[in-house]
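# Results of the structural survey
Next come the chains, spelled out residue by residue.
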Amino acid sequence: MSKTIVCYFSAEGSTEKVAAALSKITGAELFEIKPVTPYTKADINWKNPLSRCNKEKIGKKDVPIEGKVESFDEYDTIYLGFPIWYYGAPNIINTFVKDYDWTGKKIVLFATSGGSDLKKTAEKLAPYLKGEYTIIAQKLVKPSDTSADLKEWVASIG
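For the structure given in this document, a descriptive report is provided here. Values in this document were obtained by computation on a predicted structure and should not be read as measured data. Residues take numbers from 1 onward in each chain, read along the sequence in its written order. Thresholds applied to this predicted model are a pLDDT of at least 70 for local features of residues and 80 or more for the giving and counting of side-chain atom pairs; totals over whole chains, interfaces and linings are not thresholded and use all residues. Based on all heavy atoms of the structure, the side-chain values leave hydrogens and waters out of the count.

Bringing the packing of aromatic side chains into the picture now. Centre distance within 6.5 Å is the pairing criterion for rings of Phe, Tyr and Trp, where only the six-membered ring of Trp is used; planes under 30 degrees apart are then read as stacked, over 60 as edge-to-face, and the remainder as tilted. Counting across every chain of the model gives eight aromatic pairs. Both rings, one in Phe-9 and one in Trp-85, keep their centres 5.8 Å apart while their planes meet at 90 degrees; by these two values the pair is edge-to-face. Taken as a pair, Phe-9 in the loop between β1 (4–8) and α1 (14–26) and Trp-85 in the loop between β5 (77–83) and α3 (91–98) lie far apart in primary sequence, 76 residues in all. Relative accessibility decides the category of a residue: with a 1.4 Å probe and only protein chains considered, values under 20% of the type maximum give buried, values over 50% give exposed, and everything between is partly exposed. On the accessibility criterion, Trp-85 (13% relative accessible area) is buried. Relative to Trp-85, the ring of Tyr-39 lies with its centre 5.6 Å away and its plane at 90 degrees, an arrangement referred to as edge-to-face. Of the two residues, Tyr-39 is situated in the loop between β3 (34–35) and α2 (52–58) and Trp-85 in the loop between β5 and α3; the sequence distance between them amounts to 46 residues. Trp-85 carries the same exposure label as Tyr-39, and that label is buried. Aromatic ring contacts, followed pair by pair, group Phe-31, Phe-72, Phe-96, Tyr-100 and Trp-102 into a single cluster. Secondary structure is summarised from DSSP: a helix means a run of H or I of at least four residues, a strand means a run of E of at least two, and numbering begins at the N terminus for each.

See the structure below:
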């Protein structure tokens, strides 16, 4: 029997709302990827060159995560969601994916963004994913996307 989980990191709540909706639509379990030290508004101010998000990205730093997905090997499909930072996943996502073996997993990427796209996101994430996996779908979820839009997207994945 196929088992699905929605794992997500949300800095300001947008990705969390999408993850909750996808969990409901798919009947999947939900796992929040939380940093040990939560981000503040100042930490994610990308316009400040000294902000935490900039220091992490430039320094290619791991972000310590609170908790782990129990029995990760039992999941066949993983929805992985995050806000787009610097045209890719935030470093916390890189840290998260490095902790697991993705062999045989089907990955569905979803992201939220104020203006960036997903073009190189999978490519930038690849060096951190261990094992033989398949990214079966990806979607940049816009604020205008409705629950019906998400249902239609999930149905199109199969």
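Back to the write-up after that little detour.
On to the sheet that holds strand β2 (residues 29–32). Strand order in the open sheet formed by five strands is β2-β1-β5-β6-β7, and the pairing between neighbours is parallel. The two strands at the open ends of the sheet, each matched to only one other strand, are β2 and β7 (134–141). Recorded for the sheet is a direction-independent mean angle of 20 degrees between the axes of neighbouring strands. When DSSP finds two or more bridges between a pair of strands, those strands are recorded as paired. Pairing geometry for β1 and β2, over four bridges, is parallel. Residue Tyr-8 lies in a different strand from β2, and its bridge partner there is Glu-32. Note on definitions: angles span 0 to 180 degrees between N-to-C directions of axes, and those axes are lines fitted to C-alpha atoms, for helices only across the stretch in contact.

Attention shifts here to the pattern of salt bridges. Opposite charge on two side chains makes pairing possible when the charged atoms of those side chains draw close. In the sections that follow, a salt bridge refers to a side-chain nitrogen of Lys or Arg positioned within 4 Å of a carboxyl oxygen of Asp or Glu. Evaluation of the coordinates by the stated rule reveals eight salt bridges. Between Lys-34 and Glu-66 there is a salt bridge, with the nearest N and O atoms lying 3.9 Å from each other. You can see Lys-34 sitting in strand β3 and its partner Glu-66 sitting in strand β4 (residues 65–66), a full 32 residues away along the chain. The partly exposed category is assigned to Glu-66, whose relative accessible area is 42%. With a closest N to O distance of 3.5 Å, Arg-52 and Asp-43 form a salt bridge. Take Arg-52: its relative accessible area is 17%, and that puts it in the buried class.

Here we take up the nonpolar core. Note on terminology: a nonpolar core comprises buried Ala, Val, Leu, Ile, Met, Phe, Trp, Tyr and Cys residues joined through side-chain atoms within 4.5 Å. Residues Cys-7, Ile-33, Val-69, Leu-80, Ile-93, Phe-96 and Trp-102 are the most contacted members of the largest nonpolar core, which totals 32 residues. Taken together, the elements giving at least two residues each to this core come down to β1, β5, α3, β6 (106–112) and α4 (121–125). Top element by residues in this core is α3. It accounts for four residues. Residues count as neighbours in contact if any of their non-hydrogen atoms are within 4.5 Å of one another. Not counting chain neighbours up to four residues away, the residues in contact with Phe-96 comprise Cys-7, Phe-31, Ile-33, Ile-65, Val-69, Leu-80 and Trp-102. In terms of nonpolar packing, the next biggest core, distinct from the first, is built from 14 residues, Tyr-8, Tyr-79, Ala-137 and Leu-150 among them.

As a volume, the largest pocket reaches approximately 700 Å³. Going through the elements one at a time, α1 and α5 (147–157) are the ones with two or more residues in the lining of the largest pocket. Sorting elements by how many residues they give to the lining of the largest pocket places α1 first, with five residues. Class assignment for the residues of the lining of the largest pocket results in 14 nonpolar, twelve polar and five charged. Of the volumes computed, that of the second largest pocket is approximately 270 Å³. Along the walls of the second largest pocket sit 16 residues, with Ser-2, Lys-3, Thr-4, Thr-77 and Tyr-79 positioned nearest its centre. Of all the elements in the fold, those that place two or more residues in the lining of the second largest pocket are β5, β6 and α5. For this classification, the nonpolar set comprises Ala, Val, Leu, Ile, Met, Phe, Trp, Tyr, Cys and Pro, the charged set comprises Asp, Glu, Lys and Arg, and every other residue, Gly included, is treated as polar. Residue classes in the lining of the second largest pocket are distributed as seven nonpolar, six polar and three charged. Within this scheme a cavity is a closed region of a 1 Å grid, computed over the protein atoms alone, that accommodates a 1.4 Å probe without allowing it to escape, whereas a pocket is open but has protein on both sides within 12 Å along at least five of seven lines; lining residues each have an atom within 4 Å of a point. Grid points are joined across faces, edges and corners, and a volume is the space filled by probe spheres set on the points.

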